[in-house]
Protein chains: 2
Amino acid sequence: MTKLTTAPLTTEQLFAQLELAIHEHRLTPGTKLGEDEIASIYSVSRTTVRSALQALSLQRLVEHKRNRGAYVAQPTLREAREVFEARALLEPRTAHSAAERTTAEDIAKLQVHIDAEHEAMAAGNHGRALYLSGQFHIEIARIADQSTIEAFITQLISRSSLIVALYWQRRTAMCESHAHDALVSALADQDGPRADELMRNHLLDLVTSLDLRNKTSAPLSLKDALAQ
Amino acid sequence: MTKLTTAPLTTEQLFAQLELAIHEHRLTPGTKLGEDEIASIYSVSRTTVRSALQALSLQRLVEHKRNRGAYVAQPTLREAREVFEARALLEPRTAHSAAERTTAEDIAKLQVHIDAEHEAMAAGNHGRALYLSGQFHIEIARIADQSTIEAFITQLISRSSLIVALYWQRRTAMCESHAHDALVSALADQDGPRADELMRNHLLDLVTSLDLRNKTSAPLSLKDALAQ
DNA sequence: GTTTTCAAGATTGTGTACAATTTTGCGCAC
DNA sequence: GTGCGCAAAATTGTACACAATCTTGAAAAC
């Protein structure tokens, strides 16, 4: 997108490009990620592509089928529930910690972030809005100053993006960052318990806006349905 | 060790070998992991070695310094605290869930595990005992049937092994798997709250058996001290 | 007409070679 | 004698080439 230089991408840069594309739903679950294809698109060698794909695989963003290639991951219903259970375990407490050490700069940063979210929404760029919405949660983890938990949450956010792509029921207005506004308010007041509670409810809202009920089977990619 | 076949190792196998060596403290924090060196030891190409090292790096078991090579990670005091805070957040609840769905087979498996721990301790094989002690926690996460959280705990256990290597104060008897016995008992009774409590205390005991107090600086590797 | 088999094509997994960067050792100046 | 600088050696990062495995298509047998 914003890549105008002809300098060859490094592994980390390619990783970031692919990660962003997945976050913004330009790459949807089940999409095959052919190594030669990506290599030619970005003008890098397959070695670099493989390295980036392995990293994405360890973050559970792509699934590696032995001798069959890499595909954008398709979290099952079970995995989807697991991801949100893990988030429910980690994020409220993290928001609590974050509130207790929020600085004025943090608030300013979050406000800018939320403005960008609103802007993306207004522009109808749902992919961008979703990405920013996720980054908001990561930002809170960063404020909590817990890099280990932040890394976990980052992974969970990424996977949540895949889950949204698969199980979002369109009738609900997903990214109403109303909840984010309230969270910033709680953080500004350094009100740990309120931030905890708000985050807990926010996650519950997220889950209910998804359709995680048992379906007999939900093969969203024709290709995959035929493969079996 | 038990590698008698001349078949070339695959990436995952090499990863497992190195991971185990780190868990068992045969590789200690700060050790340089030269690519050519490992490649010749295991008779594989550097490609395979790099792949395994990248995977270990993403699990935070090795640190990759750009153009300077891979080293067995040296968690800082701060990281050490973070790891155990994350464990305190994840494991008690996971033990709670596990207790509610423990089967007879699970108990049998855990009992075998504990016996192996005792045996390794009796044999004075502390590395092995430490490894098994970690596996016990992972096994509980597996019983809880939460693969996502299990993956997180697995990583935290691995890093805990590094932390023990760095910050264990020898005067305490580390791996007294007394606590493990009690946990198995709680699981056998399907007593969730008790398992939760036991796990919480067990983790507290672990932390206090480490020396995570602030030191002005704790450069455990001469090399690293000189490098700065 | 359907099923099975086999070969050709395509794609991934691994090994090797080259380029870039860093480290290191010696020499020289001060 | 100490400090700086440059060149040689070593090590990592990337690109390329080959081997192994899987998919695909058609042809032949039933």
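Shown above is the structure to which this text applies.
Residues numbered from 1 in each chain as written. Chains lettered and ligands numbered in written order. Predicted model: local features only at pLDDT ≥ 70, side-chain atom pairs only at ≥ 80, totals over all residues. Heavy atoms only, no water.

Draft legend 1. Summary view of the overall build of chain A. When helices and strands are counted, chain A shows 10 helices and 3 strands. Its helices and strands in sequence order give chain A the pattern α-β-α-α-β-β-α-α-α-α-α-α-α, from N to C terminus. Going through the 228 residues of chain A one by one, you find that 50% of them count as buried. (Helix = DSSP H or I, 4+ residues; strand = E, 2+ residues; numbered from the N terminus. Buried < 20%, exposed > 50% of the residue type's maximum accessible area, 1.4 Å probe, protein only.)

Draft legend 2. Quick peek at the protein's contact with DNA strand D. The environment of DNA strand D is formed by 16 residues, the closest being A:Thr10, A:Ser45, A:Thr47, A:Thr48 and B:Arg50. Of what DNA strand D places within 4 Å of the protein, 67% of the atoms are sugar or phosphate. B:Arg46 places a side-chain nitrogen or oxygen 3.0 Å from a base nitrogen of DNA strand D. Between DNA strand D and the protein, one listed contact pairs a phosphate oxygen with a side-chain N or O atom of B:Arg50 at 2.7 Å. Listed by contribution, the elements that provide at least two residues to the surface near DNA strand D are helix 3 (46-58) of chain A together with helix 3 (46-58) of chain B. In terms of residue class, the surface near DNA strand D is made up of no nonpolar, 10 polar and 6 charged. (Near = heavy atom within 4 Å. Polar contact = N/O pair within 3.5 Å; in protein donor to acceptor, adjacent residues only side chain to side chain. Nonpolar A, V, L, I, M, F, W, Y, C, P; charged D, E, K, R; others polar.)

Draft legend 3. Here's a closer look at the relation of the copies chain A and chain B. Rotating chain A by 180 degrees and moving it 0.0 Å along the rotation axis overlays it on chain B with an RMSD of 0.1 Å. Taken together, the turn and the small shift mark the pair as related by a two-fold rotation axis. A high fraction, 100%, of the interface residues of chain A reappear at the interface in chain B, so the copies pair face to face through one surface. (Least-squares fit on C-alpha atoms with pLDDT ≥ 70 in both. Contact = heavy atoms within 4.5 Å.)

Draft legend 4. Expanded view of the pairing of strand 3 (residues 69-72) of chain A. Residue and element names in this part refer to chain A. Examined bridge by bridge, strand 1 (residues 32-33) and strand 3 share 2 bridges and lie antiparallel to one another. Looking across to strand 3, one finds that Lys32 is bridged to Tyr71. Of the pairings in the sheet, the one linking strand 2 (residues 62-65) to strand 3 comprises 4 bridges and is antiparallel in character. Note on strand 3: the bridge partner recorded for His64 is Ala70. The hairpin formed by strand 2 and strand 3 contains 3 residues between the paired strands, and Asn67 there has a positive phi angle of roughly 60 degrees. (Pairing = 2+ DSSP bridges.)

Draft legend 5. Spatial organisation of helix 9 (residues 192-208) of chain A. All names here are of chain A. The end-to-end C-alpha distance of helix 9, which contains 17 residues, comes to 24 Å, matching closely the 24 Å that a straight helix rising 1.5 Å per residue would cover. Along helix 9, the residues classified as buried are Gly192, Ala195, Asp196, Met199, His202, Leu203 and Leu206. Looking down the long axis of helix 9, one finds its buried residues gathered within 130 degrees of arc, a one-sided arrangement. Summarising the geometry of helix 9, the exposed residues directed more than 90 degrees from the buried face are Pro193, Leu204 and Thr208. The secondary structure elements touched by the buried residues of helix 9 are helix 4 (77-100), helix 6 (126-144) and helix 8 (178-188). If you check the start of helix 9, you find a side-chain oxygen 3.1 Å away from the backbone N of Arg194, and it comes from Asp191. (Expected span 1.5 Å × (residues − 1). Arc of directions from axis to C-beta.)

Draft legend 6. Geometry of the protein's contact with DNA strand C. Surveying the vicinity of DNA strand C reveals 16 residues, the closest of which are A:Arg50, B:Thr10, B:Ser45, B:Thr48 and B:Arg68. Between B:Thr47 and DNA strand C, the recorded distance is 3.0 Å, taken from a side-chain N or O atom to a base nitrogen. Those elements that place two or more of their residues in the surface near DNA strand C are helix 3 of chain A together with helix 3 of chain B. The residue makeup of the surface near DNA strand C, split by class, is no nonpolar, 10 polar and 6 charged.

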